[in-house]
Amino acid sequence: MSGRPEHQAPPEIFYGEDEARKYTRNTRMMEIQLVMSERAVELLCLPENQPCHIIDLGCGSGLSGETLTEQGHVWTGVDISSAMLGVAKEREVEGDLLLGDLGQGLPFRAGAFDGAISISALQWLCNADQKSHNPAKRLYTFFSSLYGCLSRGSRAVFQFYPENSSQVELITSQAMKAGFTGGLVVDYPNSTKAKKFFLCLMTGGQQPLPTALGVDSREDAPNCVTFSQK
Amino acid sequence: MKLLTHNILTSKCLKGVTVGYPLGIVAKEVKVNEVEFNPEFISRMIQKVDWPALCKAAENLGHLDNLPPAVVDDYENNEDFLKKAHHFLMEIEVINGDLICPETGRKFPVTDGIPNMLANEDEV
């Protein structure tokens, strides 16, 4: 699949001023991001009617953050592109924004957040954008710092675009090493256009995965891959 | 950057830093906003907040006035306390300045309300 953004440039270069502006003016793109954000929040399984403190990983121009605000949550966003964060500022999003590299680890205190979402960002961590980058090490640094700053029992949901199954394997193995349980939920597995991957990570020990959307039969969804520590 | 965010930020991703908390603040520009008061959220956040670090931060910003020096008993039902906590956590924003690692002195600049936590390759 040629033309994947992460093969063209590192994220802070790809999402420069022009792309940042385009991204946030493309209404179809915005609609897709909105739907995915709402689905990610649903998969977080937060307690009902309770305002939570959420971290948005790869928050970009704040599209997913707005879903969090709409649902009554308080959020902080981290992104590596200052151009995208600039657009978020212009759009006056409610969340606090941080310029940072997820692969360097999340600089937060233990238990700071009640949950984490990430929309269309995780695949960027799988590339070595600099000679010194080791994707497996960066993923582990990221996941272990995330595990630390989530309160016990909370979840992290990542919508992302895996390039291939070994990338999924790389990601899930580092997440497991860091202490997470959980698995991949694939919505609309039979539709090339609608198919969406959500990595659902949990901190409170193995629990059943949420059901995927668009699965025809009622049997144990073959599109849910569960993994655990042992 | 709101003081709630400052209260949970550390520099522990840097090599050689053990705790990296709390970060010092030298602010050149601070803004006070009006943010909708959500008592339930504030009540829950107080459990996570490091109150002495919050006082230190407010003091650094020259905005210490009125901040209670400690969390009171039965704060969940004390609306006056919750409102004060809300004001300091959610309504005071650092726009420009620096955050300082307490162990290495390394500065993280804050520009237009956004802290730059990017570390150099040799720092992580």
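Predicted, not measured: the structure shown is a model, and the values here were computed from it.

Things to note about the overall build of chain A
Here's step 1: Counting secondary structure elements, chain A contains seven helices and eight strands.
Here's step 2: For 230 residues, the compact-globule formula gives about 17 Å, and the C-alpha radius of gyration of chain A, at 17 Å, lands near that figure.
Here's step 3: Across its three principal directions, the C-alpha atoms of chain A cover 45 × 40 × 35 Å.
Here's step 4: The buried share among the 230 residues of chain A stands at 57%.
Here's step 5: Of all intrachain contacts in chain A linking residues separated by at least 6 positions in sequence, the fraction that spans at least 24 positions is 68%.
Here's step 6: Here chain A displays about 10300 Å² of accessible surface, and carbon together with sulfur accounts for 50% of that area.
Here's step 7: Side-chain charges of chain A comprise 20 positive and 26 negative groups, with the mean position of each set lying 5 Å from the other.

Quick look at empty space enclosed by the protein
Here's step 1: Scanning the entire structure with this criterion turns up one cavity of 30 Å³ or more.
Here's step 2: Looking at the largest cavity, its volume works out to about 140 Å³.
Here's step 3: When its residues are assigned to classes, the lining of the largest cavity shows 12 nonpolar, five polar and one charged.

A closer look at the interface of chain B and chain A
Here's step 1: Contacts between chain B and chain A engage 31 residues on the former and 33 residues on the latter.
Here's step 2: Interface area, chain B with chain A, both sides summed: about 2600 Å², of which 55% is carbon and sulfur.
Here's step 3: Inspection of the region where chain B meets chain A yields three salt bridges.
Here's step 4: Measuring nitrogen to oxygen at the nearest pair gives 2.8 Å for the salt bridge that ties D114(A) to K48(B).
Here's step 5: Among the secondary structure elements, those contributing two or more residues to the side of chain B that touches chain A are α1 (3–8), α2 (39–48) and β4 (114–115) of chain B.
Here's step 6: Element by element, the count of residues in the side of chain B that touches chain A is highest for α2(B), at five residues.
Here's step 7: Broken down by class, the residue content of the side of chain B that touches chain A amounts to 16 nonpolar, six polar and nine charged.

A word on the nonpolar core
Here's step 1: Among the nonpolar cores identified, the biggest contains 67 residues, and F108(A), L122(A), F142(A), F143(A), L146(A) and F158(A) are the most heavily contacted of them.
Here's step 2: Here the element with the most residues in this core is helix α4 (residues 79–90) of chain B; it accounts for six residues.
Here's step 3: In contact with F158(A), not counting residues within four places along its chain, are L57(A), S118(A), L122(A), F142(A), F143(A), L146(A), F197(A), F198(A), L199(A) and L201(A).
Here's step 4: In terms of nonpolar packing, the next biggest core, distinct from the first, is built from 26 residues, L44(A), I117(A), I119(A) and C200(A) among them.

So, the UniProt feature "domain: Methyltransferase type" (unreviewed entry) in chain A
Here's step 1: The UniProt record annotates "domain: Methyltransferase type" (unreviewed entry) at residues 56–131 of chain A.
Here's step 2: The distance separating the terminal C-alpha atoms of residues 56–131 of chain A is 27 Å; by composition the span is 22% helix and 25% strand.

Remarks on the packing of aromatic side chains
Here's step 1: Summed over the entire model, instances satisfying the criterion amount to 10 aromatic pairs over all chains.
Here's step 2: Between W51(B) and F81(B), the aromatic rings sit 5.2 Å apart at their centres with planes inclined by 25°, giving stacked as the arrangement. Remark: F81(B) occurs in helix α4 and W51(B) occurs in helix α3 (residues 51–60); sequence separation between them is 30 residues. Neither residue differs from the other here; W51(B) and F81(B) are each classed as buried.
Here's step 3: A cation over an aromatic ring shows up here: R152(A) above the ring of Y147(A), its NZ or CZ 4.5 Å from the ring centre.
Here's step 4: One residue, K177(A), lies across the ring of Y140(A), its end atom 4.7 Å from the ring centre.

Reading the values: rules and limits
- Residues numbered from 1 in each chain as written.
- Chains lettered and ligands numbered in written order.
- Predicted model: local features only at pLDDT ≥ 70, side-chain atom pairs only at ≥ 80, totals over all residues.
- Heavy atoms only, no water.
- Helix = DSSP H or I, 4+ residues; strand = E, 2+ residues; numbered from the N terminus.
- Rg over C-alpha atoms; globule rule 2.2 N^0.38 Å.
- Buried < 20%, exposed > 50% of the residue type's maximum accessible area, 1.4 Å probe, protein only.
- Contact = heavy atoms within 4.5 Å.
- Areas by Shrake-Rupley, 256 points an atom, 1.4 Å probe, with all protein chains shown as cover.
- Lys, Arg positive; Asp, Glu negative; His and termini not counted.
- Charge placed at Lys NZ, Arg CZ, Asp CG, Glu CD.
- 1 Å grid on protein atoms, 1.4 Å probe; cavity = no way out; pocket = protein on both sides within 12 Å on 5 of 7 lines; lining within 4 Å.
- Points joined across faces, edges and corners; volume = space filled by probe spheres on them.
- Nonpolar A, V, L, I, M, F, W, Y, C, P; charged D, E, K, R; others polar.
- Buried area = accessible area lost by both parts, 1.4 Å probe.
- Salt bridge = Lys/Arg side-chain N within 4 Å of Asp/Glu carboxyl O.
- Core = buried A, V, L, I, M, F, W, Y, C linked by side-chain atoms within 4.5 Å.
- UniProt positions renumbered as here; feature names shortened; annotations may be inferred.
- Phe/Tyr/Trp six-rings, centres within 6.5 Å; stacked < 30°, edge-to-face > 60°.
- Lys NZ or Arg CZ within 6 Å of the ring centre and 35° of its normal.

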